[in-house]
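# Close look at the chain arrangement
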Amino acid sequence: MAQVIVVTSGKGGVGKTTTSAAFATGLAQRGKKTVVIDFDVGLRNLDLIMGVERRVVFDIVNVIQGEARLSQALIRDKRVDTLSILPASQTRDKDALTREGVGQIIEELSADHDYILCDSPAGIEKGALLALYFADQAVIVTNPEVSSVRDSDRILGVLQSKSKRAEEKRDKVKEHLLVTRYDPERVTRGEMLKLEDVQEILAIPLLGVVPESESVLRASNTGTPVILDQESNAGQAYKDAVSRFLGESVPHRFLEPERKAGLFRRLFGGRAA
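In this text, all values refer to a predicted model and were calculated from it rather than measured experimentally.

## Quick notes on the overall build of the protein
- Secondary structure summary: the protein contains 13 helices and eight strands in total.
- For 273 residues, the compact-globule formula gives about 19 Å, and the C-alpha radius of gyration of the protein, at 19 Å, lands near that figure.
- Across its three principal directions, the C-alpha atoms of the protein cover 70 × 40 × 35 Å.
- The buried share of the protein, taken over its 273 residues, is 52%.
- Partitioning the intrachain contacts of the protein with sequence separation of at least 6 by distance along the chain shows that 73% fall at a separation of at least 24.
- With the model as given, the accessible surface of the protein reaches about 13200 Å², and the carbon-plus-sulfur share is 47%.
- Distance from the positive charge centre (38 side chains) to the negative charge centre (39 side chains) of the protein: 3 Å.

Right, dumping it as structure tokens:
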């Protein structure tokens, strides 16, 4: 049986879809058969970030409404052969998603996958509630700013009251905190919340810290999950997060401002230690 992971947050623009694409790719790179589902009906973006927008023929709504088989809608990633994408509809209304339809898709995918990632839309409307309903685990994505953290705290409450696990009084959804767009220099200047403050407010285990990086935008624009960019700090941070998720002990990086090279080192081509 597959583990169902929802990637969620209360606020839009924090990096959920970037995280879903990177995390799913990272799990697949580790040999885990993984599928990532876009639940943002009407505002489909996952296919763009995964670079498969031109290969979309059918979507999750087509499957739910019996217009296509699940196998017809799934798109196999060409870079990692254990990864598939189920896109959202760009033209339908969110009401086209039903709990029964989503449940049937989850059940069918569970038979031959290790992980099912649900890329949740922002907020707590129908698409977001369906994305988290079947979750076994949740990656809560937040930026180090007050409004983002507050909205993430709200989502934690929804997760533990509206999920299937909560309804059936089973073990609670396992929560993981992923802090994105972290800039240690701005934290030092008091322009962002400290990591410790975010952890204290949300009080869930820290999975990873992804630094602010131009590589994220570059990856999105080229349809390449940023985890595939081995030279970028953001890509390395996502890779570390996947390793921690799989139970490995990996130290956190990119938490301190980078040391600047002194004048002598800059003049003679040396590097800072």
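## Observations concerning the nonpolar core
- With 49 residues, the main nonpolar core has Ile 37, Ile 105 and Ile 116 as its most contacted residues.
- Not counting residues within four places of it along the chain, the set of residues in contact with Ile 116 comprises Ala 2, Gln 3, Val 4, Ile 5, Val 35, Ile 37, Ile 106, Leu 109 and Ser 110.
- Grouped together as the second largest cluster of nonpolar side chains are 36 residues, Val 7, Phe 23, Ile 85 and Leu 207 included.

## Overview of the pattern of salt bridges
- Inspection of the entire model under this criterion finds 14 salt bridges.
- The partner of Glu 168 in a salt bridge is Arg 170, and the shortest N-O contact between them spans 2.8 Å.
- A relative accessible area of 43% means that Glu 168 is categorised as partly exposed.
- Through salt bridges with shared partners, a single network forms among Arg 186, Arg 189 and Glu 191.

## Topic: the pairing of strand E8 (residues 206-211)
- The buried fraction of E8 amounts to six of the six residues, a majority that puts the element mostly inside the structure.
- As paired elements, strand E7 (residues 174-182) and E8 share four bridges and run parallel to each other. Bridging across to E8, Tyr 182 finds its partner in Pro 211.

## A closer look at the packing of aromatic side chains
- Taken as a whole and assessed by the stated rule, the structure comprises three aromatic pairs.
- Pairing Phe 23 with Phe 245 gives two aromatic rings, centres 5.3 Å apart and planes at 85 degrees, and the pair type is edge-to-face. Remark: Phe 245 occurs in helix H12 (residues 233-245) and Phe 23 occurs in helix H1 (residues 16-29); sequence separation between them is 222 residues. For the residue pair Phe 23 and Phe 245, the accessibility class agrees, reading buried in each case.

## Here's the deal with the side chain of Thr 34
- Relative to the helices and strands, Thr 34 is located in strand E2 (residues 34-38).
- A distance of 2.9 Å separates the side chain of Thr 34 from the backbone oxygen of Lys 32, its partner in a polar contact.
- Non-local contacts of Thr 34, meaning those with residues more than four positions away in its chain, are made with Ala 24, Leu 27, Ala 28, Thr 82, Leu 83, Ser 84, His 113, Tyr 115 and Leu 117.

## Description of the pairing of E7
- Counting buried positions over the nine residues of E7 gives seven, a clear majority of the element.
- Here strand E6 (residues 137-142) pairs with E7 via six bridges, running parallel. Opposite Gln 137, over in E7, you have Lys 174 as the bridge partner.

## Considering the confidence of the model for the protein
- Chain-level statistics for the protein give a pLDDT mean of 92 and a share of 95% at 70 or above.
- Within the protein, no element has a lower average pLDDT than helix H13 (residues 263-267), which sits at 54, and none a higher one than strand E4 (residues 83-86), at 98.

## Digging into helix H6 (residues 126-133)
- With six of eight residues buried, H6 lies mostly within the body of the structure.
- Those residues of H6 hidden inside the fold are in contact with strand E1 (3-8), helix H5 (99-110), strand E5 (115-119), helix H7 (146-162) and helix H8 (164-167).
- Two or three places before Gly 127, at the opening of H6, Glu 125 has a side-chain oxygen 2.9 Å from that residue's backbone nitrogen.

## Notes on the sheet that holds E4
- A sheet is described by the order of its strands in space; here eight strands give the open sequence E3-E4-E2-E5-E1-E6-E7-E8, paired in mixed fashion. Of all the strands in the sheet, the pair left with one neighbour each is strand E3 (75-76) and E8.
- Of the strands in this sheet, E1, E2, E4, E5, E6, E7 and E8 touch H1, which is tilted by about 170 degrees from E5.

## Describing a negative patch on the surface
- A cluster of like negative charges, contributed by Glu 196, Asp 197, Glu 200 and Glu 256, occupies part of the molecular surface.
- With respect to the helices, strands and loops of the structure, Asp 197 is situated in helix H10 (residues 195-202).
- Judged by its relative accessible area of 31%, Asp 197 is partly exposed.

Rules used throughout
- Residues numbered from 1 in each chain as written.
- Predicted model: local features only at pLDDT ≥ 70, side-chain atom pairs only at ≥ 80, totals over all residues.
- Heavy atoms only, no water.
- Helix = DSSP H or I, 4+ residues; strand = E, 2+ residues; numbered from the N terminus.
- Rg over C-alpha atoms; globule rule 2.2 N^0.38 Å.
- Buried < 20%, exposed > 50% of the residue type's maximum accessible area, 1.4 Å probe, protein only.
- Contact = heavy atoms within 4.5 Å.
- Areas by Shrake-Rupley, 256 points an atom, 1.4 Å probe, with all protein chains shown as cover.
- Lys, Arg positive; Asp, Glu negative; His and termini not counted.
- Charge placed at Lys NZ, Arg CZ, Asp CG, Glu CD.
- Core = buried A, V, L, I, M, F, W, Y, C linked by side-chain atoms within 4.5 Å.
- Salt bridge = Lys/Arg side-chain N within 4 Å of Asp/Glu carboxyl O.
- Pairing = 2+ DSSP bridges.
- Phe/Tyr/Trp six-rings, centres within 6.5 Å; stacked < 30°, edge-to-face > 60°.
- Polar contact = N/O pair within 3.5 Å; in protein donor to acceptor, adjacent residues only side chain to side chain.
- pLDDT = per-residue confidence, 0-100.
- Axes fitted to C-alpha atoms, helices over the stretch in contact; angles between N-to-C directions.
- Patch = residues over 30% accessible without salt bridge, like charges linked within 9 Å, V, L, I, M, F, W, Y side chains within 5 Å.

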